[in-house]
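# Architecture and fold: a report
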Amino acid sequence: MSSQWLGLLGAIALAIFIVELLRRGILREKFAVLWLVVAVAALVVAAYPPLLTGIASALGFAVPANFLFLVSAGLLLAVSVQLSFEVSRLERSLSKLTEDHVLLAERVERLQAGADEGSDGAQ
Amino acid sequence: MTDRRLLVAVPALNEAGSLAGVLTEIRAAQPDAAVVVVDDGSSDETAEIARQAGVVTLQMPYNVGVGGAMRVAFRYALDNGYRAVVQVDGDGQHDAGDIATLVAALADSSVVVGSRFAGSKDAKWVGTHRRWAMWFLAVVVSRVTSTHLDDVTSGFRAADHKAIALFAEHYPTEYLGDTVESLVLTSRAGLSISQRSVSMRPRRAGRPSQGTLRSALFLGRALMAVSVALMRRPVTVG
């Protein structure tokens, strides 16, 4: 019974934590949604354990916990792939921005040099 | 007025010791060409030396690697209407006298690679293992690009306007992307590649990477770069 309470508390804590991050604008929606779904699913399963054991046995798992582990591993894999994807996208944006910045900086430098020369000539 | 046709691009990372000499050499060999130095986040006076020499200086705010530095140079070339770009390393390895040879070869191919192995035997300073790895890589890339190439990791190369348009957008920025992967990219975009024999000197500063393990690692990463380049969807130039 105590493990059920632990699960329930953990799920509630996760939900509060995610909502708080979202509220403070630290986490963007697209990442928050996934974790909120996880928190709600954990909450439901913790509140009503027969649901987990029922699904697990229906799918042919001898030990319900194994079903839980499989789902968790799959979820974590999906999240890390998504994060790698996001990081790659960020790197592309960053290098594009850096290139733009460098080319603009050179142009400003050149224009500045031209303007300085022009004002010197006028004096 | 500067000649709007040829741009000599010099990617440089902490080359304060050799850059001034390299720039003087390029000026002497190609007085009509424009020169751009891409300072790849150096911590020494590389950018100041380039500015003092009066060449266009693109200063990366942090280190992006040779591929990233060259991509900026290609974008600069595209934006300013240059018809050809020659890459010359800032460490003094490349002989500016060979620039003309590479540029002349652009008449019948889009990318020309300066090879230190083709028809010459004065490359003894490259370590044995490393040399073997380079040979193997050359065989693989030659097959993939259907072009005979001896020195695919050479950073001494020339690109015509078609290659400039391709590279400004798609130049690979990952490790070895600037050398090996870019050749695969070029070939798959339908552009032609050729090589010319050039002489190369040992680096003035720093030492070349050597050792069996490092060579094996180098080869593995290079083959990875080739595989990735082959898996990518080919890009076409308009």
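Residues numbered from 1 in each chain as written. Chains lettered and ligands numbered in written order. Predicted model: local features only at pLDDT ≥ 70, side-chain atom pairs only at ≥ 80, totals over all residues. Heavy atoms only, no water.

The subject of this paragraph is the packing of helix H1 (residues 2-23) of chain A against helix H2 (residues 29-47) of chain A. Residues and elements named next belong to chain A. Taken N-terminus to C-terminus, the directions of H1 and H2 make an angle of 160°; their axes are 8 Å apart at the nearest point. By the angle between their axes, H1 is roughly antiparallel relative to H2. Crossing angle aside, the handedness with which H1 passes H2 is left-handed. On H2, the residues touching Gln4, Gly7, Leu8, Ala11, Ile12, Leu14, Ala15, Ile18, Val19 and Leu22 of H1 are Glu29, Ala32, Trp35, Leu36, Val38, Ala39, Ala42, Leu43, Ala46 and Ala47. Looking at the contact of H1 with H2 residue by residue, the class counts come to 17 nonpolar, 2 polar and 1 charged. (Axes fitted to C-alpha atoms, helices over the stretch in contact; angles between N-to-C directions. Helix = DSSP H or I, 4+ residues; strand = E, 2+ residues; numbered from the N terminus. Parallel < 35°, antiparallel > 145°, perpendicular 65-115°, else oblique. Left-handed = near helix turned anticlockwise from the far one by under 90°. Contact = heavy atoms within 4.5 Å. Nonpolar A, V, L, I, M, F, W, Y, C, P; charged D, E, K, R; others polar.)

Contacts between the two partners involve 15 residues from chain B, matched on the other side by 12 residues from chain A. When chain B packs against chain A, the two sides together hide about 1200 Å² of surface, and 51% of this comes from carbon and sulfur. On inspection of chain B and its partner chain A, the count reaches 5 salt bridges. For Glu99(A), the salt bridge goes to Arg71(B), with nearest N and O atoms at 2.7 Å. For the pair chain B and chain A, the interface holds 6 residue pairs in polar contact (both at pLDDT 80 or more). Those elements giving two or more residues to the side of chain B that touches chain A turn out to be strand E3 (56-59) and helix H3 (65-79) of chain B. Looking at the side of chain B that touches chain A, the element that brings in the most residues is H3(B), giving 5 residues. Tallied by class, the residues present in the side of chain B that touches chain A amount to 7 nonpolar, 3 polar and 5 charged. (Buried area = accessible area lost by both parts, 1.4 Å probe. Salt bridge = Lys/Arg side-chain N within 4 Å of Asp/Glu carboxyl O. Polar contact = N/O pair within 3.5 Å; in protein donor to acceptor, adjacent residues only side chain to side chain.)

The next thing to look at is the side chain of Asp98(B). Residues and elements named next belong to chain B. Positionally, Asp98 belongs in the loop between strand E4 (84-87) and helix H4 (99-105). Its relative accessible area of 13% is what places Asp98 among the buried residues. In contact with Asp98, other than residues within four places in its own chain, are Phe156, Val198 and Ser199. (Buried < 20%, exposed > 50% of the residue type's maximum accessible area, 1.4 Å probe, protein only.)

What follows concerns the side chain of Arg75(B). Residue placement: Arg75(B) occurs in helix H3. When near neighbours in sequence (up to four residues on either side) are disregarded, Arg75(B) contacts Lys96(A), Glu99(A), Asp100(A), Leu103(A) and Ala168(B).

Further remarks concern the packing of aromatic side chains. Residues and elements named next belong to chain B. Counted by the stated rule, this structure contains 7 aromatic pairs over all chains. Considering the side-chain rings of Trp132 and Trp135, the 6.5 Å spacing of their centres and the 45° angle between planes classify their relative orientation as tilted. On the criterion of helical spacing, the pair formed by Trp132 and Trp135 is a turn pair, its members being 3 residues apart in helix H5 (residues 128-145). For Trp135, a relative accessible area of 52% corresponds to the exposed category. Taken together, Phe74, Phe167 and Tyr171 form an aromatic cluster joined through their ring pairs. (Phe/Tyr/Trp six-rings, centres within 6.5 Å; stacked < 30°, edge-to-face > 60°.)

A few words now on the nonpolar core. Residues and elements named next belong to chain B. The biggest cluster of nonpolar side chains holds 49 residues, and the ones touching the most others in it are Leu7, Leu58, Phe74, Val85, Val152, Phe167 and Leu183. Here this core takes 7 residues from H3, the largest share from any one element. One finds Leu23, Val35, Val55 and Ile99 within the second-largest nonpolar core, a separate group that totals 27 residues. (Core = buried A, V, L, I, M, F, W, Y, C linked by side-chain atoms within 4.5 Å.)

Residues and elements named next belong to chain A. Under the domain assignment used here, chain A contains domain 1 (1-47) and domain 2 (68-123). For domain 1 and domain 2, the distance between their C-alpha centroids amounts to 34 Å. Listed per partner, the contact involves 5 residues of domain 1 and 6 residues of domain 2. At the junction of domain 1 with domain 2, the criterion picks out 1 salt bridge. Here Glu86 ties to Lys30 by a salt bridge, and the two come within 3.3 Å at their closest N and O atoms. If you look at where domain 1 meets domain 2, you find 1 residue pair in polar contact (both at pLDDT 80 or more). (Domains from an automatic or database assignment.)

Attention shifts here to the confidence of the model for chain A. When pLDDT is averaged across chain A, the result is 88; 96% of the residues are at 70 or more. Model confidence for chain A, summarised as mean pLDDT per element, is weakest for H2(A) at 86 and strongest for helix H3 (residues 49-58) of chain A at 90. (pLDDT = per-residue confidence, 0-100.)

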